[in-house]
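Understanding the architecture of this molecule
Now for the letters of each chain:
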Amino acid sequence: MRSFLKPAAGVLCLVALACAGCSSGGDAPDPASARPGRTTAAAASPDPGTTRSSATSYAPYVSATTAADTDSAGSPSTYNLAFVISDGSDCTPTWDGVSAIGDTAVKSRISALRKSGARVRVSFGGASGKELASTCDSAADLAAAYGAALDAAGSAQADFDVEGDRLGDSDSVALRSEAIALLQRKRPGLTVSFTLPVMPSGLDTEGLALLESANDHSVDVSTVNIMTMNYGSSYAGDMGDYAITSAEKAHDQLKKVFGLSGADAWQGLALTSMIGVNDVDHETFGLADAAQVREFAEEKGVAWVSMWSTFRDRQCEKGNAAADDAATDCSGVKQSAGAFAKAFAG
């Protein structure tokens, strides 16, 4: 998914993770994001205090640095803070490559997001800038960078958005897996999600290879979050239908890769859509598509649904060149402010 600042061209373990906070005493993991646990063929079991009937939660992506009037629409249970990347030259984590991890304005923003009782999940990567896995020299350094960002946000949830050239970089994929495994050994309560591109045919070979790498390094991953967006010029049909087809194919892949039951594979899946106008000209994800995806997710027991992003959940202003940029500032479709959030929240 694109950065808020720079336009861009977007596991399951079968033993449930404990709901413990990180070393900084931050948020406990969202029950809906801590379903499956370990990479074996054993059957998954729900976390203590949760049941299989837990509702699909709504967890949108938000800017970590800039507030939007629509952030709280739909009453999110978790906010995905986008994005932590390198400062551009070394292993120093920053927000969008610009703001220091400990920036006081960002800390104030995170505190404001939490006032409703919502949790925060730190999302590493995204489509723009330099990902930490490509700039850190060792797994220990990379794990320390991840940990510093999590501690600054007071979070026990980490999302890794891996796409573009980074997805095919086997060296950074392996280094990331090693670092996450190291971090989880130090923070047993840390929940991890991977956010990956998908097609109506499912995850591609590079996405599957990343999950296999997580398996090989014994990474405990709660959720695979698929980006149901930007399919390409050959897909000119209904975006809601494509999202569901993509989810069904990914679900079957997760069952096979991790030896999951059908129900556990659904609980280990999350769906993220790019609202309104997508990066591919003919692709537009409308409010009816959002309602369709929400209904499907609830029916299947999907862990959470999300969107890119709260900042775009409003109609573009006529005559305002900046606001008319549907890629970064608005949805590009007719809507009331916060309408997509309400549709995804159900």
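Residues numbered from 1 in each chain as written. Predicted model: local features only at pLDDT ≥ 70, side-chain atom pairs only at ≥ 80, totals over all residues. Heavy atoms only, no water.

1. Concerning the nonpolar core
By size, the foremost hydrophobic cluster in this structure holds 80 residues, and its most contacted members are F124, Y146 and F344. With nine residues, helix α2 (residues 139-153) is the single largest residue contributor to this core. Membership of the second largest hydrophobic core comes to eight residues, among which are M1, F83, M227 and M274. (Core = buried A, V, L, I, M, F, W, Y, C linked by side-chain atoms within 4.5 Å. Buried < 20%, exposed > 50% of the residue type's maximum accessible area, 1.4 Å probe, protein only. Helix = DSSP H or I, 4+ residues; strand = E, 2+ residues; numbered from the N terminus.)

2. Let's talk about the side chain of S213
With respect to the helices and strands, the residue S213 is situated in helix α4 (residues 205-216). For S213, the side chain forms a polar contact with the side chain of S177, separated by 2.8 Å. In this view, S213 contacts V173, A174 and S177; residues no more than four positions away in its chain are not counted. (Polar contact = N/O pair within 3.5 Å; in protein donor to acceptor, adjacent residues only side chain to side chain. Contact = heavy atoms within 4.5 Å.)

3. Notes on unusual backbone geometry
A82 connects to F83 through a cis peptide bond whose omega is -15°. Residue placement: F83 occurs in strand β3 (residues 78-86). Residue S309 is bonded to the preceding W308 through a cis peptide linkage, with omega at 0°. Phi angles above zero are rare outside glycine, and S218 is one such case at about 60°. In this structure, S218 sits in the loop between α4 and β9 (223-228).

4. Side note on the packing of α2 against helix α3 (residues 170-186)
Where α2 meets α3, the closest approach of the two axes is 8 Å, and the angle between their N-to-C directions is 60°. Classified by the angle between their axes, α2 and α3 sit oblique to one another. Both α2 and α3 take part in a crossing whose hand is right-handed. Taking contact as the criterion, the partners of A139, A140, L142, A143, Y146, G147 and L150 in α2 are, on α3, L175, R176, E178, A179, I180, L182 and L183. Class assignment for the residues of the contact of α2 with α3 results in 11 nonpolar, one polar and two charged. (Axes fitted to C-alpha atoms, helices over the stretch in contact; angles between N-to-C directions. Parallel < 35°, antiparallel > 145°, perpendicular 65-115°, else oblique. Left-handed = near helix turned anticlockwise from the far one by under 90°. Nonpolar A, V, L, I, M, F, W, Y, C, P; charged D, E, K, R; others polar.)

5. What about the state of the cysteines?
In this structure the tally under the stated criterion is two disulfides. The side chain of C91 participates in a disulfide bridge whose partner is C136; the two sulfur atoms lie 1.8 Å from each other. Taking the sign of the torsion about the S-S bond as the criterion, the disulfide between C91 and C136, at about 90°, is right-handed. Within this pair, whereas C91 is found in the loop between β3 and β4 (93-95), its partner C136 is found in the loop between β6 (119-125) and α2, the two being separated by 45 residues in sequence. For the pair formed by C91 and C136, the shared burial category is buried. Disulfide pairing is shown between C316 and C330; the S-S distance is 2.0 Å. Negative torsions about the S-S bond denote left-handed disulfides, and the value of about 90° found for C316 with C330 makes this one right-handed. You can see C316 sitting in the loop between β13 (304-308) and α8 (339-345) and its partner C330 sitting in the loop between β13 and α8, a full 14 residues away along the chain. Taken individually, C316 and C330 each receive the classification buried, so the pair is uniform in this respect. Ordinal numbering of bonded cysteines along the chain defines a disulfide pattern of 1-2, 3-4. (Disulfide = S-S within 2.5 Å.)

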